[in-house]
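Descriptive analysis of the structure
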Amino acid sequence: MARQYLDIPVAPADLAFGLMADFDADPHPHKVSLIAGAYRDENGLPWVLPSVKEAKAYLEKNPNHEYLGIAGSPTFIKHAQSLIFGVNLSETIKTHIASIQTVSGTGANHMAALFLAKHLRPQRVFIPSPTWVNHESIWTMAGVPHEEYPYYSSDTHSVDMGGMLNTLETKAELNDVVILQACAHNPTGVDLSKAQWEELVHVIKRKNLFVVFDSAYQGFATGDVDGDAWAVRYFVEQLILNAESDATHPGLCIAQSFSKNFGLYGERIGAFHLVVPRHFSSQGAQSELMAIARSEYSNPPRFGTSIVQTVLGDDHLRSQWQEDLNTMSARIKKMRHELRRRLEKLGTAGDWAHIESQIGMFSYTGLSRQQVERLRNEFHIYLLPSGRVSICGLNEGNVDYVARAIGEVVGSE
Ligand SMILES: Cc1ncc(COP(=O)(O)O)c(C=O)c1O
């Protein structure tokens, strides 16, 4: 028999990570990176949250390097549930939740895809256009075809509610999966209003669609942990608690990341929560999630989780963490304001109000591919070709330079 070789074509490099490498190699003294989804302080440096620093000091005195169980730390899981569902709601639905610690938000999305591909067997997964780049890859790897639903209107700089509802109404079928970002939508920074979430839940309910909430920015988005979880909690109430009969909706799930709200990007801390219908027990689902975890990575990392549970389990550290969230979200808001103000003062062509009205880490500027290229080639300012900028990369030291450069490539009124 002829010998087989693994003749594998080279996969395209990841866009954001490739750009970051180009930025690192650029020797220009005024270069600016607006690529990465990671917080930077007013000096452009990574920031270790004071609450995290304190928790780490405690853990160093009380080390534990043992394996965690397959589902992760039970204390962490309890905190993760209370954070996303709120204390009361998580108590009410506790027998209907299957939860597992994951390898950050990405791992939680991956867990959703694997579990649902096997047990729900959707025809398709509907992902927003645009969305976080990994949604498509994760579901493709799980063997589920994807379809995009319109999310953003670049004319109005707001949610394309008509396009979104129309696509779901006309194309989605029973048990298809719909990915929704819980808050601070990446990459647009534009979320649904409460009235729009209410409109959407009716369609989801009537058509029996299965929602995966991707929650990567709770607390980081606005500083308000409960406010940022409003949509998730509302959907749980509407789909699970207020379900009229036993012929209920199939449930929903949440992929929760702790990267941004704790500034713990490298520790890979996350959780996956599956909420099953009221008349089901979650035990079977829990055992299946654990079987997936066991075969993939055996058990999740301990250190980052210990930091998070130490912070959330201590009144003093928790209020420090709230302050840290306020610090991060307030600085981002300020930078949005400063960039908009400068663009307007320079008479830059166009309307720049959206820079300030969008929320969270990213702004969808509306800059064209050519303008993005000019920013990079002429000014050494790096952002994604879609025109997405990470507002965290701005500070008092570079916002003037960035505004002037945008002014140059866009032109004036
Ligand atoms: C929408 C969204 N989901 C999930 C993630 C996953 O983040 P991580 O795996 O770092 O927790 C991100 C990170 O940028 C994101 O923007």
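Residues numbered from 1 in each chain as written. Predicted model: local features only at pLDDT ≥ 70, side-chain atom pairs only at ≥ 80, totals over all residues. Heavy atoms only, no water.

Under an unreviewed UniProt entry, the name given to the protein is Aspartate aminotransferase, and the organism recorded is Penicillium cataractarum. UniProt, in its Subunit (unreviewed entry) section for the protein, records the words "Homodimer." On record in UniProt, under Sequence similarities (unreviewed entry), the comment for the protein is "Belongs to the class-I pyridoxal-phosphate-dependent aminotransferase family." (UniProt positions renumbered as here; feature names shortened; annotations may be inferred.)

A few words on helix α12 (residues 283–296). Across its 14 residues, α12 extends 20 Å between first and last C-alpha, which sits within 8% of the 20 Å expected from 1.5 Å per residue. When α12 is considered as a whole, its buried residues turn out to be A285, Q286, E288, L289, I292 and A293. Along the axis of α12, the buried positions cluster into a sector of 165°, meaning they face one direction only. Seen from the open side of α12, the exposed residues pointing more than 90 degrees away from its buried face are Q283, R294 and S295. Against the buried residues of α12 lie β2 (97–103), α5 (104–119) and β10 (269–275). After α12 finishes, the residue S298 shows a positive phi value of roughly 70°. (Helix = DSSP H or I, 4+ residues; strand = E, 2+ residues; numbered from the N terminus. Expected span 1.5 Å × (residues − 1). Buried < 20%, exposed > 50% of the residue type's maximum accessible area, 1.4 Å probe, protein only. Arc of directions from axis to C-beta. Contact = heavy atoms within 4.5 Å.)

This brings us to the layout of surface pockets. By volume, the largest pocket is sized at about 1,400 Å³. For the lining of the largest pocket, the elements supplying multiple residues, two or more each, are α1 (15–25), α5, β3 (125–129), α6 (134–141), α11 (259–262) and β11 (362–364). Sorting elements by how many residues they give to the lining of the largest pocket places α6 first, with 5 residues. Here the residues of the lining of the largest pocket sort into 24 nonpolar, 15 polar and 8 charged. Split by domain, the residues of the lining of the largest pocket number at least three in each of domain 1 (15–49 + 326–410) and domain 2 (68–313). (1 Å grid on protein atoms, 1.4 Å probe; cavity = no way out; pocket = protein on both sides within 12 Å on 5 of 7 lines; lining within 4 Å. Points joined across faces, edges and corners; volume = space filled by probe spheres on them. Nonpolar A, V, L, I, M, F, W, Y, C, P; charged D, E, K, R; others polar. Domains from an automatic or database assignment.)

With that settled, the discussion passes to the nonpolar core. Counting 55 residues, the largest nonpolar core has Y217, F262, W321, L339, L375 and I381 as its most contacted members. Among the elements that line this core, the one with the most residues is helix α14 (residues 315–345), at 8 residues. Taken together, domain 1 (15–49 + 326–410) and domain 2 (68–313) each give at least three residues to this core, which thus spans both. With 40 residues, the next largest nonpolar core counts L89, V203, A231 and Y234 among its residues. (Core = buried A, V, L, I, M, F, W, Y, C linked by side-chain atoms within 4.5 Å.)

Considering all chains together, one arrives at 15 salt bridges under this definition. The shortest N-O distance in the salt bridge between R374 and E378 comes to 2.8 Å. One end of the pair is R374 and the other is E378, both in helix α16 (residues 369–379) and 4 residues apart, which spans about a single turn. Its relative accessible area of 44% is what places E378 among the partly exposed residues. Through salt bridges with shared partners, one network takes in R124, E147, K171 and E173. (Salt bridge = Lys/Arg side-chain N within 4 Å of Asp/Glu carboxyl O.)

Taken together, 13 residues surround the ligand, and among them S104, T106, D214, Y217 and S257 come closest. Take S259: an N or O atom from its side chain is 2.8 Å from an oxygen atom of the ligand. Out of a free accessible area of 390 Å², the ligand has 92% covered by protein chains. For the shell around the ligand, the elements supplying multiple residues, two or more each, are α5 and α11. When residues in the shell around the ligand are grouped by element, the largest group, 3 residues, is from α5. (Near = heavy atom within 4 Å. Polar contact = N/O pair within 3.5 Å; in protein donor to acceptor, adjacent residues only side chain to side chain. Areas by Shrake-Rupley, 256 points an atom, 1.4 Å probe, with all protein chains shown as cover.)

This brings us to the domain arrangement of the protein. With domains assigned, the protein is organised as domain 1 (15–49 + 326–410) and domain 2 (68–313). Between domain 1 and domain 2, the C-alpha centre-to-centre distance is 29 Å. When residues of domain 1 are sorted by the area they lose upon contact with domain 2, I359, F362 and Y364 head the list and together hold 34% of the total. At the boundary of domain 1 and domain 2, one finds 0 salt bridges. One can count 5 residue pairs in polar contact (both at pLDDT 80 or more) joining domain 1 with domain 2. Elements supplying a minimum of two residues to the side of domain 1 that touches domain 2: α14 and β11. Sort the elements by how many residues they give to the side of domain 1 that touches domain 2 and α14 lands first, with 5 residues. Residue classes in the side of domain 1 that touches domain 2 are distributed as 10 nonpolar, 7 polar and 2 charged. (Buried area = accessible area lost by both parts, 1.4 Å probe.)

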